[in-house]
Amino acid sequence: MTEYQYILIERDERVGIVTLNRPKELNALNFQLVNELADALEEFDRDEAIRCIVITGSGEKAFAAGADIKEMSDKSPIDMMLSAFDGWQRIKRVHTPLIAAVGGYALGGGCELAMLCDMIIASENARFGQPEILIGVIPGAGGTQRLARTLGKYRAMEMVLTGAQIPAQELADLGLVNRIVPKGEHLKAALELAKKVAQQAPVAARLAKESVLFAFETPLEDGLEIERKNFFLLFATEDMREGMHAFIEKRQAEFKGR
């Protein structure tokens, strides 16, 4: 597997783990880190043995405390367009379910990266925010859109227009975080959830992810049509036969990803 400068990768059974590894910079997301993250996620996405991926941050203080401001401060619009955002689009296209394990700060790009995942497990000390307004810009990797779609207009406006840091428990109450765990337990809890996902039929999990994501991007009728097509498509898989036969025979299904 590829060696990286700013991330660490490992496996735990059928789960891939990617750790953002710039602890002295609170795992700030420079351009190279984002592209390395996209590379690693795509590599796991191609690996049939990996059925779920967890993204976390090194150190105790942060998942990722934002973008690397020093790197961006002198960039032109074209520099930003060419160097920054292809990696984010590549991460968005990953088919394998993604879980963010958040401890400490998830600010700016860190909050956007967590929201780009499919589920979020957070330590009780985690804090989320989009503080870009405080330095004269706005979120640029999905923050305004995903916050509004998850929290609604008014709460999203407050976060984006004030740069406030919101405790994880408050966001869990509003539906942005799946669950809160004791400080330092976020990776363990995320891995437990990831292993439950990894037990499921891989093709079904990918199509389930696709169907839910379309709810954010299409009118209801279009989303329902995509869901129906994906449902019908799964009747062509060996895993569908195995899953239904296992249920009838009262035994554990053995899914092969076929």
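Before any of the text, the structure's been laid out above.
We now turn to the structure provided with this report. Just so we're clear, the structure is a prediction, and the values are computed from it rather than from any experiment.

### Let's talk about the packing of aromatic side chains
Okay, step 1: Under the criterion given, the structure shown has 2 aromatic pairs.
Okay, step 2: On the numbers, 5.7 Å between centres and 55 degrees between planes, the contact of Phe 231 with Phe 232 is tilted.
Okay, step 3: Among the residues examined, Phe 231 registers a relative accessible area of 48% and is labelled partly exposed.
Okay, step 4: Ring geometry for Phe 231 versus Phe 235: centroids 5.2 Å apart, planes at 70 degrees, classification edge-to-face.
Okay, step 5: Phe 235 gets classed as partly exposed once you look at its relative accessible area, which sits at 33%.
Okay, step 6: Ring pairs connect the aromatic residues Phe 231, Phe 232 and Phe 235, which therefore count as one cluster.
Okay, step 7: When the ring centre of Tyr 6 is taken as origin, the NZ or CZ atom of Arg 22, which lies over that ring, is 5.1 Å away.

### Overview of the pattern of salt bridges
Okay, step 1: Counted under the stated rule, the structure contains 15 salt bridges.
Okay, step 2: Residue Asp 39 pairs with Arg 90 through a salt bridge whose shortest N-O separation is 2.4 Å. Taken together, the positions of Asp 39 in helix α1 (residues 31-46) and Arg 90 in helix α4 (residues 85-92) put the pair 51 residues apart, joining distant regions of the chain.
Okay, step 3: Accessibility expressed as a relative area gives 13% for Arg 90, which makes it buried.
Okay, step 4: Of the charged contacts, one joins Glu 249 and Arg 251 as a salt bridge, the two residues approaching to 2.6 Å between their closest N and O atoms.
Okay, step 5: Look at Glu 249 and you get partly exposed, because its relative accessible area is 49%.
Okay, step 6: Salt bridges here are not isolated pairs; linked through shared partners, they connect Asp 12, Glu 13 and Lys 195.

Parameters and conventions
- Per chain, the residues get numbers from 1 upward, laid out in the order the sequence is written.
- Whole-chain, interface and lining totals are the exception, using all residues; otherwise, since this is a predicted model, local features are given only for residues with pLDDT of at least 70 and side-chain atom pairs are given and counted only at 80 or more.
- The side-chain values count all of the structure's non-hydrogen atoms but skip hydrogen atoms and water molecules.
- Put simply, two rings from Phe, Tyr or Trp (the six-membered ring, in Trp's case) pair if the centres are within 6.5 Å, and we call them stacked under 30 degrees between planes, edge-to-face over 60, tilted for the rest.
- Per-residue accessibility, obtained with a 1.4 Å probe over protein chains only, is compared with the maximum for each type, and a residue is labelled buried under 20%, exposed over 50%, and partly exposed between these values.
- Two conditions define a charge sitting above a ring: the NZ of Lys or the CZ of Arg must be within 6 Å of the ring centre, and it must be within 35 degrees of the ring normal.
- When a carboxyl oxygen of Asp or Glu is within 4 Å of a side-chain nitrogen of Lys or Arg, the pair counts as a salt bridge.
- Strands are runs of DSSP state E lasting at least 2 residues, helices are runs of H or I lasting at least 4, and numbering of each runs from the N terminus.

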